[in-house]
Amino acid sequence: MWKFIVRRLLITSPQIIFLSLLVFVLASFMPGDALTGAIGPDVKAERLAELREELGFNDPWYIQYKDWVAGILQGSLGESFQYKMDVEDLIWQRVINTFWLSLVSVIFIYAIGLPLGILSGRYNDTLLDQLITGYTYIGFATPIFIFGLVALWIFGYILGWFPTGGSVDPGVESGSIEYILSKLQHLLLPGLSIALIGTVSTVQYLRSEIIDTKQKDFILTARAKGASERRVYNRHIFRNSILPIAAFFGYEIINLINGTIFIEQIFSYPGMGQLFLDSIVIRDYTVVTALVLLTGIGAIVGALLSDIILSLVDPRIRIK
Amino acid sequence: MTLLKVEDLKVHFPIRGGILNRKIDAIRAVDGVNFEIEPGETYGLVGESGSGKTTTGKAVMGLNNITNGEIYFGDELLNKGNKVNIRKDIQMIFQDPYSSLNPRKRVIDIIAEPLRNYENLSKDEEKKRVKDLLEKVGLTAESMLKYPHEFSGGQRQRIGVARAIALEPKLIIMDEPVSALDVSVQAQVLNFMQDLQKELNLTYLFISHDLSVVKHMCDRIGIMYNGRYVEEGTTKEIFNDPQHIYTKRLVAAIPDIDPKNRKENTNFREQVKEEYTNSYYDYFDEDGLAYQLKPITDTHRVALPERG
Amino acid sequence: MSENHSHKDIEQQVSEQQKEQEVQKSPSGLRIFWREILKDKLALISLIFFVLVSMIVFGISLILDLDEVVKIDPFAIHQPPSDEFLLGTDKGGRDVFGQLIIGTRNSLAIGFLVTLISGAFGIIFGVVSGYFGGHIDNFLMRIVDFFMVLPFIMIIIVFVTIVPRYSVWTFSLIMSAFIWMGIARLIRSKALQERELDYAQASRTLGSSHTSIIFKQVLPNITSLVVVTMTLNLAANIGIESGLSFLGFGLPEDTPSLGTLMSYATNPTTLEERWWIWAPAAALILVLMLAVRNVGEALKRAADARQRRA
C-alpha cells in the first residue's frame, strides 16, 4: 500500500519539474521581460542594459531557471506590470472566485450525476433510462462554450432569471447576508452550465458500472439470501460503484480548469480563467506564466490524489 | 557433425518489486540445460507446462534473451539474434495455428513473408514459389488468395509449415505443433511432417508434453522439470528403461487403449506414485530441483545425486 | 512449355478467385463498417448529412469570393437578415452567411488536419510503446501521463500567442501537440495484446525487422480501432478548434471558423438581439459534432461485434 503511494509520489516530482521547465521555456519565448513594463520610457538604453545585467537577465538559462524556481519557492511569482502589484496578491482574489465557482460546479456535478446514473443503471432499458442516455449522448457531443452561451442567452437575457455577468451585484456590502446571496446567485448559472456538461461522464460511468455489478455473482447471492431489493442496491451495488467516482474527482480538476476558462469568459466572471485570457491579450506575461504553472501543479496534484484514493478503494490498482 | 549444441543455457526472467521497481529475484525458467542434436534426427523436449521446454525452444530461435550459456549452430555461435544468415536456417512452427497466422494477411502474403525478407523475387517467381510450397504441404494453389480464417486448424498448421520451410531451413523447432488440433487430425499432420523430414532432410526439435506423440516422432528425448533436465536418452531407453522417478511416472501415465490391462495399469500407476512420494528427496534437492546429469550409457544420462 | 501453361492456369484461377473473393465477405473491416452504417438509420442519416454539408460548403466556397466576404463595409454594419444578406451582417458589415460557409469549411478542414496529425503521431507512439513493452513502454507512458495532466487549453493559448509566423499550419501543429495522448493510450493497450500473439513472434523468426512487423503486421490488425477512434476524435477536435477560435486563439483572423462567428456573441448586444449571427454557427457545430459522433459510435459497435465474433 504505502509502496504504491511512495512510488506514485516519485513520479509526481519529475512531472512538476518538467512542468516548471515547460513554463520557463514558454516564458523565455514571451516578448519583453519584467523590466519592459516596469520602467518608464525616459530611462536610457545603457541604464536598461545595466539593470538587466544586475537582475541576472544575461545569465545562462540554468542559472535563470534556478533563480526563478528559488523565487517561486519563497512565494514570489513576480510582478504584474499591468496592475503594478505582486502576482500572488493579484491571483489570490481570482483564485478564491474560481474556487467558489468550481465548488458549486462540483456540487452540481454530483447532485445531478449520481441520481441520474443510479436511476438509469437500476432501471436500464426503460424509457427513463433512454431519456437519460439520450441526454448524456448529446451532452457528450456539446462543447461547453456553446452550452454556456445558449444558457446565458436564454436564462440570462431572454428570461432574465439570472444575472448576466460579474461575481456579485455592485454596491452590496461585503460580508452581509445579501452579499452572500448575491454571490450565490451569480454562481448558479455558470456552475450549472459546467455541471450539466461535466456530469455526463459521471452518469455514463455510474450507469455502466451498476449494470455490470448487477449481474455479478455476489449480487445474485445477496438476492438468493433473501435481501430486499433496497438492501441489495444500498449495501452492495452503490458501495461498489460510487467509491471510484469519488476518487475520480482529482482527474476532474483538469476538466474543471478547461471548463472555467470558457465559462468565466462567457459570464464575465472574474476568476482565474478570465484573468488568464485578459493577461494574454494585454501581454502581462508574468501573470500568464504564474497561472499556467499554478493550474498545472493543481492538475498534477489532483491526479496524484485520485490515484492514491483509488488505490485505497480498489486493491487491484495497488499491485501495479 | 553436431547441428545444434546448447551449453549451460540459462534463461531467467526478472521479478521486479519494491519502490524503485528494481530486480529483486528471478524466475529461473531455464536453468542450466545442455543437449546436442545431430543432423536428420528428431529430438524431443518433454515436460509439463512451466518446465521450460518452450522457453528453451524460443531461446534457440532467438526470441528470448539468454541469461547465460552458449548455443552453437554448426560451428557458429548464435548470439542475441544477430546472425541473419544462420537464423534463416532455423525456423519455428507454433503451437496455436490460429494466432500464429496474421488474420489480416492472405495466405500468399503469409508464406511469402520470409521470401520477401531474404530473397529478391519477382512477383511471378514469388507466386510460383508459394504455389510449390502449398502443394508440398498438400494445399491447392487456390488457397493463395484466401485468408487464414477460411481454413481448418489442420490446414492452418500446414500453412505454418509451408511458411517455415520456405527458406529451406536445416532445423525446425516445433512447439507443440499438434496439441491445438483435433486428435483425428493430429496423426495426419504428424505423419506428414515425418514425410517432409525425409524429403527435405530436416532436423526437428520437437517440443511436447504428450509422450505418446513424442514416442511416435522422436529418435532421442530430453525430459525437463523445473527448468532442468532430469533424463536424456534414446526413445527406447526412455520408454523401456526410465531411470529417474519423474520419467518413470510420466511413462506410467501414458494411457493404454486396451481395456483388459486397465486394472494392471492402475496398480502399476499406484505403485509408481507411491515410489515417487517416498523417494522424492532421493531424486530432487531441497529446492525441488533436479541434480546434475550423469551418464549411464553413451546415450543415456540421468539426473541423480552424488551417492556416498 | 507445360510450365508456362500451368502458370497461366494459376493466373486465371487467381483472377477468378479474386472476383469470387470480392463477392464473398472479406475481413477487410471497411465492408463490415459500411454494412453496419447501412443498418443503423441514425448513423446513415448522420453520414449523409455530414457528406452533404461538406459538399455544399466546399462547393459554395469555390465560387465564393473570400475577399468579398471578409471585406469591411462600414455602411452595412449589423444589418438584420435580408435577401441580400441571408443571415444579416456583422459588426464590420461582412456577410454572415458567407462567413458561415467559409467558417464551416475551415472548421471541417482543420478538424480533419488536426485529427490526422495527432492521430498519426498518437498511433505511432502507442504502437511502438505497446509493441516493445517493458522499459520502453514504461518510459513512453510516463510521457503520456505528463501530457495528460497539462492544462492543455491554457498551454495551447500561450503557444498560439508566442509562436512567430502564426498560420493555419502552426495552429494545427500546436493543437495536435496536446491532444495525441488519448489515441496513443488506446492503441498502446491494443498493441500490447497483439504482440503476445504468435503471429508477431512468427514474423521475428522469419527475419522481419521490428519496423516491418509494427507497420505491416500489427498495424493492419488494429485498423478498426484506429478508424473508430479517429472518427470520434474528429468530432471532439471540431469542438476544441471552434472553442479556441471562440476565445480568439484559434485560427488566424483571415481564416474565419465557426468559432469566430460564435465569438461575436461575447458582445452582449449581439448575443441578446442579433442571434442570427451566432446561432446558426452554434447549431452547425453542434449538429456536425453529433453527426460525426453518431457515425463513430456505429463504427464502434461494428468493431465490438466483430471482436465478439472472432
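Computed from a predicted model, the values in this text were never measured in an experiment.

1. A look at the domain arrangement of chain B
All names here are of chain B. Per the domain assignment, the segments of chain B are domain 1 (4-89 + 170-180 + 198-236 + 284-303) and domain 2 (95-168). In this structure, domain 1 and domain 2 have C-alpha centres spaced 27 Å apart. The interface of domain 1 with domain 2 comprises eight residues on the first partner and nine residues on the second. Here the side of domain 1 that touches domain 2 is built from residues that sort into four nonpolar, one polar and three charged.

2. Section: the confidence of the model for chain C
Do not read the predicted coordinates in detail wherever pLDDT is low. Residues and elements named next belong to chain C. Overall, the predicted model of chain C reaches an average pLDDT of 80, with 80% of residues at or above 70. Taken together, the stretch residues 1-6 has pLDDT below 50 and engages in zero contacts with residues farther than four places along the chain or on a different chain. In this model residues 13-27 is a low-confidence stretch, pLDDT under 50, and it forms 13 contacts with partners more than four residues away in sequence or in other chains. As scored by the predictor, the complex reaches a pTM of 0.81 and an ipTM of 0.84.

3. Things to note about the nonpolar core
With 221 residues, the main nonpolar core has Leu-149 of chain A, Leu-205 and Phe-206 of chain B together with Ile-156 of chain C as its most contacted residues. For this core, the element with the most residues is helix α15 (residues 275-309) of chain C, which contributes 16 residues. Shared between two domains, this core holds at least three residues of each, these being domain 1 (4-89 + 170-180 + 198-236 + 284-303) and domain 2 (95-168) of chain B. The residues touching Phe-206 of chain B, leaving out its near neighbours within four places in the chain, are Thr-42, Tyr-43, Gly-44, Leu-45, Met-174, Val-214, Met-217 and Cys-218 of chain B.

4. Details of the interface of chain C and chain B
Listed by partner, the interface residues are 22 residues for chain C and 29 residues for chain B. For the side of chain C that touches chain B, the secondary-structure elements that each account for two or more residues are α1 (2-23), α10 (198-205) and α11 (210-221) of chain C. A breakdown of the residues in the side of chain C that touches chain B according to their chemical character gives eight nonpolar, 12 polar and two charged.

5. Some points on the sheet that holds strand β7 (residues 171-175) of chain B
Residue and element names in this part refer to chain B. Pairing is mixed across the open sheet formed by eight strands, whose spatial order is β6-β7-β8-β3-β9-β10-β12-β11. Two strands bound the open sheet, and with one partner strand each, they are β6 (90-93) and β11 (293-295). Within this sheet the neighbouring strands show an average axis-to-axis angle of 20°, counted without direction. In the sheet, strand β3 (residues 42-46) pairs with strand β8 (residues 203-208) via five bridges, with the strands oriented parallel. By the bridge assignment for β8, Tyr-43 is matched with Leu-205.

6. What about the interface of chain A and chain C?
At the interface, 34 residues of chain A touch 29 residues of chain C. Put simply, the parts of the chain that give the side of chain A that touches chain C at least two residues each are α1 (2-29), α6 (127-141), α7 (144-158), α12 (249-266), α13 (272-281) and α14 (285-313) of chain A. Partitioned by chemical class, the residues of the side of chain A that touches chain C number 27 nonpolar, seven polar and no charged.

Conventions we followed
- Residues numbered from 1 in each chain as written.
- Chains lettered and ligands numbered in written order.
- Predicted model: local features only at pLDDT ≥ 70, side-chain atom pairs only at ≥ 80, totals over all residues.
- Domains from an automatic or database assignment.
- Contact = placed C-beta atoms within 7 Å.
- Nonpolar A, V, L, I, M, F, W, Y, C, P; charged D, E, K, R; others polar.
- pLDDT = per-residue confidence, 0-100.
- Core = buried A, V, L, I, M, F, W, Y, C linked by C-beta atoms within 7 Å.
- Buried ≥ 20, exposed ≤ 12 C-beta atoms within 10 Å, placed from the backbone.
- Helix = DSSP H or I, 4+ residues; strand = E, 2+ residues; numbered from the N terminus.
- Pairing = 2+ DSSP bridges.
- Axes fitted to C-alpha atoms, helices over the stretch in contact; angles between N-to-C directions.

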